[in-house]
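The lines below spell out each chain.
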Amino acid sequence: MPLGFGPISSGPIRSVTKDQATHDLAMWHFGVEPDLRQVIRIVADNEDVADEPIKLLEVNAATVATGSVEPYAFAGSASVPFSTVIAEVTPEEFERIKRNEIQLPKGWSLAKSQLFERPHAA
Amino acid sequence: MTEDEWRRGFAEAFIAQARSDWGVYRLLTEQRTHDGHTLSVCHELHYLQMASEKLAKAYRLRDTGSAVDELLSKHTGFAKFVGPFFTAVLKDEYQGKDAQLRGLIKRARTLARQIEKLAPATDRLATPENAEYPWETEDRVIAPCRHEFPSLDLLREPGGRAFLNLVERALENFQP
């Protein structure tokens, strides 16, 4: 079973912290997605629970606008040994989320989040 | 049945149907290639669109808080799936090959949008071309079986085939 595809309830041995893995993943996404402007990590109340996935809301000008937030769940991998849930929105959709015109998925809130801005060199 | 069991049940059923649709897509593509193109391309594209949509829904249903009822009735999904999918599952495989992956993701986004538009209910006013039903354009009525779908020619080129191979891997390796 290639890593990243399998059931998200199990994963490889963890050699990095969730914070470090999240940072690395966000920076790598900036590197391969030229139109990615911001990555917002949604931090759950139970974020310290081992099986709580990394949750990323990605503001990407290259995605299609649908007027909704569509999160997809993926299993962990060797470099990101945590299950990950990713949703991408356009910059306009993100503005609408901030105005509460588009709802975030159940349990997601911008009130408790961590912002990654696009590095200048990326 | 709990809500989680209900969600997983639908995820498993969506991936099963997506794999079956994909099998027909491959069969029709092979058949069209070998029989001198007597089959219209719309038929294989129809199955490709259906497989892609159900694939995205299966991943969407897996351990997320998505509203199942809403997902069941929506046609869209695949175009917003490919970016997260490629960046989430290819990180280790493409270490040191960022430029290659950038190109792959860019092509994947373009193809995914075109594939999504093959569903007749998607963006019908802006892009009436679809794989199932006739449409009107410039005072002519077009049947899908007489249309070549040039926006998807890329599927037959190396970049398109790489994209299709990854979609196939997503289908084969998914576990609810």
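Quick summary incoming for the structure in this document.

What counts, and at which threshold
- Residues numbered from 1 in each chain as written.
- Chains lettered and ligands numbered in written order.
- Predicted model: local features only at pLDDT ≥ 70, side-chain atom pairs only at ≥ 80, totals over all residues.
- Helix = DSSP H or I, 4+ residues; strand = E, 2+ residues; numbered from the N terminus.
- Rg over C-alpha atoms; globule rule 2.2 N^0.38 Å.
- Buried ≥ 20, exposed ≤ 12 C-beta atoms within 10 Å, placed from the backbone.
- Contact = placed C-beta atoms within 7 Å.
- Pairing = 2+ DSSP bridges.
- Axes fitted to C-alpha atoms, helices over the stretch in contact; angles between N-to-C directions.
- Core = buried A, V, L, I, M, F, W, Y, C linked by C-beta atoms within 7 Å.
- Nonpolar A, V, L, I, M, F, W, Y, C, P; charged D, E, K, R; others polar.
- Parallel < 35°, antiparallel > 145°, perpendicular 65-115°, else oblique.
- Left-handed = near helix turned anticlockwise from the far one by under 90°.
- Expected span 1.5 Å × (residues − 1).

### Observations concerning the overall build of chain B
Across its full length, chain B holds six helices and two strands. From first element to last, N terminus to C terminus, chain B shows the α and β order α-α-α-α-α-β-β-α. Computed over the C-alpha atoms, the radius of gyration of chain B is 17 Å, within 12% of the 16 Å expected from 2.2 N^0.38 for a compact globule of 176 residues. If you line up chain B on its principal axes, its C-alpha atoms span 50 × 45 × 30 Å. Within chain B, the fraction of its 176 residues that count as buried is 42%. The long-range fraction of contacts in chain B, counting pairs at least 24 apart against all pairs at least 6 apart in sequence, stands at 64%.

### Considerations on the sheet that holds strand S2 (residues 54-60) of chain A
Residue and element names in this part refer to chain A. Reading across from one edge, S3-S4-S2-S1-S5 is the order of the five strands in this open sheet, with mixed pairing throughout. Edge positions in the sheet fall to strand S3 (72-74) and strand S5 (113-117), since each has one partner strand and no second. Neighbouring strand axes in the sheet, compared pairwise and without regard to direction, differ in orientation by 25° on average. Sheet analysis places strand S1 (residues 36-42) next to S2, joined by six bridges and oriented antiparallel. Paired with Val39 across the strands is Glu58, a residue of S2.

### Looking at the nonpolar core
Leu55(B), Ala58(B), Tyr59(B) and Phe85(B) are the most contacted members of the largest nonpolar core, which totals 71 residues. Sorting elements by how many residues they give to this core places helix H2 (residues 41-61) of chain B first, with twelve residues. Filtering out sequence-adjacent residues up to four positions away, Phe85(B) remains in contact with Tyr72(A), Tyr59(B) and Ala170(B).

### Observations concerning the interface of chain B and chain A
The interface is formed by 30 residues belonging to chain B together with 35 residues belonging to chain A. Going through the elements one at a time, H2, helix H4 (78-89), helix H5 (98-116) and helix H6 (158-173) of chain B are the ones with two or more residues in the side of chain B that touches chain A. With nine residues, H4(B) is the single largest residue contributor to the side of chain B that touches chain A. The residue makeup of the side of chain B that touches chain A, split by class, is eleven nonpolar, nine polar and ten charged.

### A look at the packing of H2(B) against H4(B)
Angle between the axes and distance between the axes are the two parameters that describe a pair of packed helices. Residues and elements named next belong to chain B. Their axes nearest at 9 Å, the elements H2 and H4 cross at an angle of 60°. The orientation of H2 with respect to H4, classified from their angle, is oblique. Every pair of crossing elements has a handedness; the one defined by H2 and H4 is left-handed. Mapping the contact onto sequence places Ser52, Glu53, Ala56 and Tyr59 in H2 and Phe78, Phe81 and Phe85 in H4.

### So, the environment of Asp92(B)
Here Asp92(B) lies in the loop between H4 and H5. Along the sequence, Asp92(B) and Leu28(B) sit 64 residues apart, while their C-alpha atoms lie 34 Å from each other.

### Some thoughts on helix H1 (residues 18-32) of chain A
With 15 residues, H1(A) should reach 21 Å at 1.5 Å per residue; the first-to-last C-alpha distance of 21 Å fits that figure. Restricting attention to buried positions, one finds in H1(A) the residues Ala21(A), Thr22(A), Leu25(A), Ala26(A), His29(A), Phe30(A) and Val32(A). On the buried face of H1(A), the contacting elements are S1, S2 and S5 of chain A together with H4 and H5 of chain B.

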